[in-house]
Amino acid sequence: MGFNIQINVVLVIWFVVCVGSIDADQFCVNFYSKSCPSVEALVLGVAKQKFVEAPVSAPATIRLFFHDCFVDGCDGSVLISSTQKHLAERDAADNKNLAADAFDTVNKAKAAVEAKCPGIVSCADILAIAARDFVALAGGPNYPVKKGRKDGKLSAASRVTGNLPQANYTVDQLLNLFASKGLNRSDLVALSGAHSIGFSHCDGFLDRLYNYHKTNKPDPSMDPKLLKALRMSCPPMGGNTDILSPFDVNTPFKFDSMYYNNLQLNLGLLGTDQALMGDPRTKTLVQFYDKYGNNFFQDFSSAMDKMGSIAVKTGNQGEIRKDCTRFNA
Ligand code: HEM
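Rules used throughout
- Residues numbered from 1 in each chain as written.
- Predicted model: local features only at pLDDT ≥ 70, side-chain atom pairs only at ≥ 80, totals over all residues.
- Heavy atoms only, no water.
- Helix = DSSP H or I, 4+ residues; strand = E, 2+ residues; numbered from the N terminus.
- Buried < 20%, exposed > 50% of the residue type's maximum accessible area, 1.4 Å probe, protein only.
- Donors = N, O, S within 2.8 Å, 3.2 Å for Na, K, Ca; no water.
- Expected span 1.5 Å × (residues − 1).
- Arc of directions from axis to C-beta.
- Contact = heavy atoms within 4.5 Å.

Digging into unusual backbone geometry
- One non-glycine residue, His213, lies in the positive phi region at around 50°.
- Following the sequence through the fold, His213 ends up in the loop between helix 8 (206-210) and helix 9 (224-233).
- If you check the backbone angles, Asn266 has positive phi at about 60° while not being a glycine.
- Locating Asn266 in the fold gives a position in the loop between helix 10 (258-264) and helix 11 (271-278).
- The class for Asn266 is partly exposed, based on a relative accessible area of 31%.

Written out as structure tokens, the structure reads:
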């Protein structure tokens, strides 16, 4: 009984629906119900196709959404291409590994939507919908996405530093950064569960293999077999920069709660993943999400909704870009 009430409350929070005539200042699940009712179907169609052609598009797009939202809000600013005179967000050092398939997904979805409803749907909303679609296609929850975001008119590489977490952050640093975005401890642990799918380049965890906290030794909290395997693919220097290691060695393309199981077996890939198990403030949530996968899905969905609401621009605070890679003239 109590459980049902809790679910209903959560759903009420998500299903923020526009009532009456929908004006430009609103931010709600049915924002395009009159102006572009097929938007969700169009984006899903592209996501499905990309998921078959290039499954890496799924983790890549979820990560792209996170990187968009944490830097000046979810406003599609990460999608802008640099020009000769201006270095855009996507070319900042912290964004260098954002995968091309994620940008391709958004651009293809935008083309499909523009063909049906020109000038109506923002790139920021398309990215939010596509990220959710990939979570669901990979086996995760299919949560409702609020819409009505405007595309930002600023995208600068210099804005990125300090707004995205580093792979060697402590739990304190993670909690502080997430708190600065309005996200709490359970949001941090639930959102980290996105690392249930996808891959990392060696530079994300190299220090853990050879020189953890400048000790010239590996991270003692890494399983010795995992350490050995990762050292084979990632030598101390001069390794192939194309090598990718899965976050979840067991089910790298399945969005599930295996990530939390792995952390309890010292199989976390990044320092920040494993650190969640080493701190009492986050450890209990790791154990909880491993044991109760449904609660993970619920909390992940509501945390994605919160993350997707960071500093959203509505009305005349932004524009509806014609081309997601450049500002309107
Ligand atoms: C908690 C702090 C976090 C840190 C330090 C972190 C760091 C990283 C790093 C270093 C990579 C590997 C990138 C590469 O080498 O290609 C990565 C990948 C990824 N991250 Fe995170 N991340 C964090 C939180 C999140 C959140 C909140 C989400 C989404 C909700 C997310 C989604 C992903 C996904 C899906 C991938 C795989 C990307 C791919 O395979 O293309 N991460 N992250």
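Now that the structure has been shown, we can carry on.
A few points about the coordination of the iron atom of the ligand
- Here the protein supplies the iron atom of the ligand with just one donor, His195 (NE2), and that contact is 2.1 Å long.
- Structurally, His195 can be placed in the loop between helix 7 (185-192) and strand 1 (199-201).

Details of helix 4 (residues 100-116)
- Compared with the 24 Å implied by 1.5 Å per residue over 17 residues, the 25 Å span of helix 4 between its first and last C-alpha is a close match.
- Ala102, Phe103, Thr105, Val106, Ala109, Lys110, Val113 and Glu114 are the residues of helix 4 that are buried. Looking down the long axis of helix 4, one finds its buried residues gathered within 155° of arc, a one-sided arrangement. Residues of helix 4 that are exposed and point over 90 degrees away from its buried face: Ala100 and Ala115.
- Those residues of helix 4 that are buried lie in contact with helix 2 (39-53), helix 3 (57-70) and helix 5 (123-137).

Any functional reading would require information that these geometric values do not contain.
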